[in-house]
Amino acid sequence: MTDAVSPAPEGRAALPLIPGLADVPAARSSICFIDGDAGVLEYRGHPIEALAEQSTFEETTYLLLWGQLPTRAELDKFTRDLSTNRDVRVRLIDLLRCLPDTGHPMEALQAAIAALGMFHPDRDPLSATDRYISAVRVIAKAPTLVAAHHRLSRGMESVPPREDLGHAENFLYMLTGEVPEPDVARILDVCLILHAEHSMNASTFAARVTASTLADPYTVVSSAIGALTGPLHGGANEQVIHMLQRIGEPDAVRPYIEDLVRRKQRIMGVGHRIYRVKDPRALVLQKLAARMIAKRGANRLLATAQEVERVVAEHLAAKGIHPNVDFYSGIVYEAMGLPAALFTPVFAIARVSGWLAHWLEQLEDNRIFRPGQVYSGTHGERYVPIGQRT
Ligand SMILES: CC(C)(COP(=O)(O)OP(=O)(O)OC[C@H]1O[C@@H](n2cnc3c(N)ncnc32)[C@H](O)[C@@H]1OP(=O)(O)O)[C@@H](O)C(=O)NCCC(=O)NCCS
């Protein structure tokens, strides 16, 4: 039924198709640097290990958004702006209450962030003041939305935020109604730092594409949250814990992993587009997992995970496949008492900072994204009326 006609190219330059846009630069950016062969990750030139050791999520967020470490006065103001913007309107809590229990918390977060924008209309993405206020609101309120949905979906009332607690500390408080131990809050704070940014990954690219249309930041972040949900991206941390629970004991690791390798199945929490060595975030998270487990007593998941890492290395290290950020994070969260469904939302409340840094950067020198494609369809098809189709 195809009348062959000469193909009409979409654009002028016929560039080769690069699946997944691997290694194709999509923006000029000064936010994050990764050397995947050496295992280097820097935010604004600062090695991730130093930030994990010495910074806080609030300070790292300031660094990501505004390009340099704040002075004491700048950090105090920014921290105050975040803590006084945590509360959300009752109608937003009602919206969360109305969502079906069958939904995933990431779906609830995506819907709630999109709705949040409706409570703050008339924002001008080209106004510096509006940009600051929007960024602060989204970062401050995301944990409140996750914690409120978590409690409401379990038949409990939400816990209002407290202004006197740190960002991570307040999130754990809103989940449980109890102020966490300082070192548990600090471990979560470090996890948020480690997850706050990671250059041009799928969700950040989604954020930049949406930002390039001059859409508002709430829409930018809700697009990115949608991209983060997938098991090949942020959803992997939840899949890792399910995998470790299915495996059960360290002794059961080898047959389980070797069966996956034989069947060429993906092992969750390992492999990365950029890293050819162990993800530097996984190195820090592995230590945090050991710290959390030392606090909470023996946990066979860590021993099982370490055995998975060993068996994966035997079979896949030659291909550059090693643990990524999602491999050990779930073990830390599980030891903190967080359910698996919250692992990706915790990733999201951290990554909001990176997405918004990219939103701000995209606006500095914006051109709407409109990539090409390699057309592989037909041309000049004859329209056959429905009654004559066979
Ligand atoms: C992250 C990820 C999507 C990157 O994918 P990518 O850069 O497109 O890599 P590819 O899919 O091209 O894989 C390259 C090779 O490594 C293999 N591979 C990649 N990740 C693998 C994994 N997790 N388990 C087993 N094999 C894997 C592929 O099968 C492929 O092998 P082949 O060359 O023999 O066909 C991929 O590693 C993955 O699916 N990991 C599991 C999900 C995950 O943990 N995601 C979180 C990332 S932070």
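Heads up: the structure comes first, above all this text.
Residues numbered from 1 in each chain as written. Predicted model: local features only at pLDDT ≥ 70, side-chain atom pairs only at ≥ 80, totals over all residues. Heavy atoms only, no water.

(A) Local environment of the overall build of the protein. A tally of helices and strands in the protein yields 16 helices and 3 strands. Classification of the 390 residues of the protein by burial places 49% in the buried group. For the protein, restricting intrachain contacts to residue pairs at least 6 apart in sequence, the fraction spanning at least 24 positions comes to 76%. Looking at the protein as shown, the accessible area adds up to about 19,100 Å², and 53% of this sits on carbon and sulfur atoms. Between the centroid of the 41 positive side chains of the protein and the centroid of its 45 negative side chains there is a distance of 4 Å. (Helix = DSSP H or I, 4+ residues; strand = E, 2+ residues; numbered from the N terminus. Buried < 20%, exposed > 50% of the residue type's maximum accessible area, 1.4 Å probe, protein only. Contact = heavy atoms within 4.5 Å. Areas by Shrake-Rupley, 256 points an atom, 1.4 Å probe, with all protein chains shown as cover. Lys, Arg positive; Asp, Glu negative; His and termini not counted. Charge placed at Lys NZ, Arg CZ, Asp CG, Glu CD.)

(B) A look at the site of the ligand. If you check the shell around the ligand, you find 18 residues, and the closest are Arg266, Ile267, Val270, Arg273 and Lys319. Contacts to the ligand include glycine 269, whose backbone N or O atom sits 2.9 Å from an oxygen atom. A distance of 2.9 Å separates a nitrogen atom of the ligand from a polar atom in the backbone of valine 270. When the ligand sits alone it has 860 Å² of accessible area, and the protein chains cover 68% of it. Partitioned by chemical class, the residues of the shell around the ligand number 8 nonpolar, 6 polar and 4 charged. (Near = heavy atom within 4 Å. Polar contact = N/O pair within 3.5 Å; in protein donor to acceptor, adjacent residues only side chain to side chain. Nonpolar A, V, L, I, M, F, W, Y, C, P; charged D, E, K, R; others polar.)

(C) Just the packing of helix H5 (residues 105–118) against helix H16 (residues 343–364), in detail. With their axes 8 Å apart at the nearest point, H5 and H16 run at an angle of 30° to one another. In this structure, H5 uses Pro105, Met106 and Leu109 to contact H16, whose residues at the interface are Thr344, Pro345 and Ala348. Class assignment for the residues of the contact of H5 with H16 results in 5 nonpolar, 1 polar and no charged. (Axes fitted to C-alpha atoms, helices over the stretch in contact; angles between N-to-C directions.)

(D) Expanded view of the pattern of salt bridges. Applying the stated criterion to the full structure yields 18 salt bridges. Measuring nitrogen to oxygen at the nearest pair gives 2.8 Å for the salt bridge that ties glutamate 361 to arginine 208. Note that glutamate 361 is positioned in helix H16 and arginine 208 in helix H9 (residues 202–212), a separation of 153 residues in sequence. One exposure class covers both glutamate 361 and arginine 208, and it is buried. Of the charged contacts, one joins arginine 262 and aspartate 259 as a salt bridge, the two residues approaching to 3.8 Å between their closest N and O atoms. Taken as a pair, arginine 262 and aspartate 259 lie in helix H12 (residues 253–262) at a separation of 3 residues, close to a single helical turn. (Salt bridge = Lys/Arg side-chain N within 4 Å of Asp/Glu carboxyl O.)

(E) Structural detail: H5. Along its 14 residues, H5 runs 20 Å from first to last C-alpha, staying within 8% of the 20 Å computed at 1.5 Å per residue. Every buried residue belonging to H5 is among Pro105, Met106, Ala108, Leu109, Ala112, Ile113, Ala115, Leu116 and Gly117, and all of these are buried. (Expected span 1.5 Å × (residues − 1).)

(F) Here's a closer look at the sheet that holds strand S2 (residues 40–43). Sheet architecture is open: 3 strands sit in the order S1-S2-S3, paired in antiparallel fashion. Edge positions in the sheet fall to strand S1 (32–35) and strand S3 (46–47), since each of these pairs with one other strand and no more. One ladder, built from 2 bridges, connects S2 with S3; its direction is antiparallel. The residue of S3 that forms the bridge with tyrosine 43 is histidine 46. (Pairing = 2+ DSSP bridges.)

(G) Fine view of the environment of proline 280. In this structure, proline 280 sits in helix H13 (residues 280–296). With relative accessibility at 1%, the residue proline 280 sits in the buried group. In this structure, the C-alpha to C-alpha distance between proline 280 and threonine 204, residues 76 residues apart in sequence, is 19 Å. The residues contacting proline 280, other than those within four sequence positions of it, are Gly39, Val40, Leu41, Ile48, Glu49 and Tyr275.

(H) Representation of unusual backbone geometry. Positive phi, close to 65°, is recorded for aspartate 23, a residue that is not glycine. According to the relative accessible area criterion, aspartate 23 is exposed, its value standing at 72%.

(I) The packing of helix H3 (residues 72–83) against helix H6 (residues 128–152), seen in detail. Here H3 crosses H6 at 60°, and the two axes come no closer than 8 Å. In terms of axis orientation, H3 runs oblique to H6. Where H3 crosses over H6, the two elements pack in a sense that is right-handed. The residues of H6 that touch H3, namely those facing Lys77, Phe78, Asp81 and Leu82, are Tyr132, Val136, Ile139 and Ala140. Grouping the amino acids of the contact of H3 with H6 by side-chain chemistry returns 6 nonpolar, no polar and 2 charged. (Parallel < 35°, antiparallel > 145°, perpendicular 65-115°, else oblique. Left-handed = near helix turned anticlockwise from the far one by under 90°.)

(J) Up close: the nonpolar core. Within the largest apolar cluster, 113 residues are counted, with the highest numbers of intra-cluster contacts made by Leu188 and Val332. Not counting the four nearest positions on each side in its chain, valine 332 is found in contact with Ile187, Cys191, Leu285, Leu288, Ala289 and Met292. (Core = buried A, V, L, I, M, F, W, Y, C linked by side-chain atoms within 4.5 Å.)

Scope: geometric values only; no functional claims are made or implied.
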